[in-house]
Amino acid sequence: MTEFFIFNSSCCMLVLFFFFFQAEDGIRDAQESRGLGDVYKRQEYGVGSSATSTTTLLDVLTSICHPDHHVGSTASTKGTLKCPICAKQGLTPKGLYVHLPQFHGNVPFSKYRDTRCPMCKDSFSQSDLVNHFFHEHPPSGPPIPERIKVSLYTFALVVTRRKSDGKFLMVQEFCNQGYWLPGGGVDPGECPIKGGKRETLEEAGVDVEIKGIINISMQPSPKVTRLTFIFYAEPVDDNAEAKAHPDFESVGAAWVSLEELMSGELALRGKEPLHWFPHVANGGDIHPLSLLDVYCRK
């Protein structure tokens, strides 16, 4: 009796595995016939996952063939929707939601809006349709909010120290805001290194050579993110005079000693000089420019 049970169990397993690999071949053929690529990845369809029972294996295979099938049940719901990419019919909204990434997640990118969403009738390219369905037509609940576009503003500030006396270059800001580091916003398409060099020349009237990176910081917010580079620089000409006349860039500039800064007699726009001037004077870390892209160091 025991031998008979083992024989029957072995036969069942052979039949089950034959069915499994036949189904796997069928899915591969279906994928290739739709022109979705030559590489077949079982894991994308779930058939590469570990199946611990006959029921689990059948559920996996059934979910592939019938996206509307509920795992653990024997019933599936017949829908009225048709896939706009492969024309598979009888899909429910949930079924189409499952079907699109399983069979069309790798459709080539296209800019042509020639495919209509069967739910809202909006027009999309085939590649955009999959992403649209994910965000706008989830099976339950409100639409998933798309990633909010956040504006990124890049700033370059420059700690400039001359070798002859160790003094630092400071800029007098407009509207009696006080003294601060030379620097400002990086222009669109401009490298932060070039932006820092340009801003220092415009605001302080001194041509400098950027030598290294002192700090990189990011200040995120729901709508705007501020990315700030703080560079270390030295004047190209150690005898260069700071700007003495006001213009639209600044009221003027001056070479300031660390002692003058720390005395508290200078009105400051911000606390950055109080932190970074002593950092440089005391031999703090200055990172190489090689941390940035080659493009930015040219």
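Everything numeric in this text was worked out from a predicted model, so none of it was measured.

## Observations concerning the packing of aromatic side chains
Alright, step 1. Inspection of the entire model under this criterion finds 3 aromatic pairs.
Alright, step 2. With a centroid separation of 6.4 Å and 45° between ring planes, the pair formed by Y97 and F133 is classed as tilted. Separated by 36 residues along the polypeptide, Y97 in helix α4 (residues 93-104) and F133 in helix α5 (residues 126-136) bring together distant segments of the chain.
Alright, step 3. A residue is classified by how much of its surface remains accessible, and F133, at 2% relative accessible area, is buried.
Alright, step 4. Across from the ring centre of F155, 3.8 Å away, lies the NZ or CZ of R226, which sits over that ring.

## Brief notes about the nonpolar core
Alright, step 1. Ranked by internal contacts, the top residues of the largest apolar core, which has 23 residues, are L169, I193, I210, F231 and L292.
Alright, step 2. Of all the elements in the fold, those that place two or more residues in this core are β3 (151-160), β4 (168-173), α6 (192-204), β7 (208-219), β8 (224-235) and β9 (252-256).
Alright, step 3. Here this core takes 4 residues from β8, the largest share from any one element.
Alright, step 4. Residues V159, Y179, W180 and V256 belong to the second largest nonpolar core, which totals 16 residues.

## Regarding the pattern of salt bridges
Alright, step 1. This structure, assessed with the given rule, holds 10 salt bridges.
Alright, step 2. Among the salt bridges present, the one from E199 reaches R198, with a minimum N-O distance of 3.2 Å.
Alright, step 3. Between E209 and K211 there is a salt bridge, and its shortest N-O distance comes to 3.5 Å.
Alright, step 4. A residue is classified by how much of its surface remains accessible, and E209, at 43% relative accessible area, is partly exposed.
Alright, step 5. What makes K211 partly exposed here is its relative accessible area of 40%.
Alright, step 6. Linked by salt bridges that have partners in common, D187, E190, R198, E199 and E202 make up one network.

## Digging into the sheet that holds strand β5 (residues 178-180)
Alright, step 1. Strands sit in the order β5-β4-β9 across an open sheet of 3 strands; the sheet is antiparallel. Among the strands making up the open sheet, the edge pair consists of β5 and β9. Mean inter-strand twist for the sheet, computed between neighbouring axes without regard to direction, equals 35°.
Alright, step 2. Here 3 bridges tie β4 to β5, and the two strands are oriented antiparallel to one another. Bridged to Q172 within β5 is Y179.
Alright, step 3. Its contacts with the sheet place α6 against β4 and β9, and it is angled at close to 65° to β4.
Alright, step 4. Each of β4 and β5 is contacted by helix α8 (residues 272-281), which is oriented at about 170° to β4, the strand it contacts most.

## Let's talk about α8
Alright, step 1. All of the buried residues along α8 are P273, W276, F277, P278 and V280.
Alright, step 2. The elements touched by buried residues of α8 are β3, β4, β5, β7, β8 and α7 (258-262).
Alright, step 3. Positioned one or two residues after α8, G283 has a phi angle of 80°, which is positive.

## Quick notes on α5
Alright, step 1. For α5, the complete set of buried residues consists of S127, L129, V130, H132, F133 and H135.
Alright, step 2. Those residues of α5 that are buried are in contact with α4, β1 (115-116) and β2 (123-124).

## Some words on unusual backbone geometry
Alright, step 1. The backbone of A87 shows a phi angle near 70°, a positive value even though the residue is not glycine.
Alright, step 2. Note on placement: A87 falls in the loop between α3 (54-65) and α4.
Alright, step 3. For A87, a relative accessible area of 42% corresponds to the partly exposed category.
Alright, step 4. A positive phi angle, close to 70°, is found at K121, a residue other than glycine.
Alright, step 5. Along the chain, K121 turns up in the loop between β1 and β2.

## Let's talk about the state of the cysteines
Alright, step 1. Within the structure shown, the criterion is met by 0 disulfides.
Alright, step 2. Left without a disulfide partner, C83 is nearest to the cysteine sulfur of C86, which lies 3.7 Å away.
Alright, step 3. For C86, a relative accessible area of 22% puts it in the partly exposed group.

Here is what the cut-offs are and how they apply
- Residues numbered from 1 in each chain as written.
- Predicted model: local features only at pLDDT ≥ 70, side-chain atom pairs only at ≥ 80, totals over all residues.
- Heavy atoms only, no water.
- Phe/Tyr/Trp six-rings, centres within 6.5 Å; stacked < 30°, edge-to-face > 60°.
- Helix = DSSP H or I, 4+ residues; strand = E, 2+ residues; numbered from the N terminus.
- Buried < 20%, exposed > 50% of the residue type's maximum accessible area, 1.4 Å probe, protein only.
- Lys NZ or Arg CZ within 6 Å of the ring centre and 35° of its normal.
- Core = buried A, V, L, I, M, F, W, Y, C linked by side-chain atoms within 4.5 Å.
- Salt bridge = Lys/Arg side-chain N within 4 Å of Asp/Glu carboxyl O.
- Pairing = 2+ DSSP bridges.
- Axes fitted to C-alpha atoms, helices over the stretch in contact; angles between N-to-C directions.
- Contact = heavy atoms within 4.5 Å.
- Disulfide = S-S within 2.5 Å.

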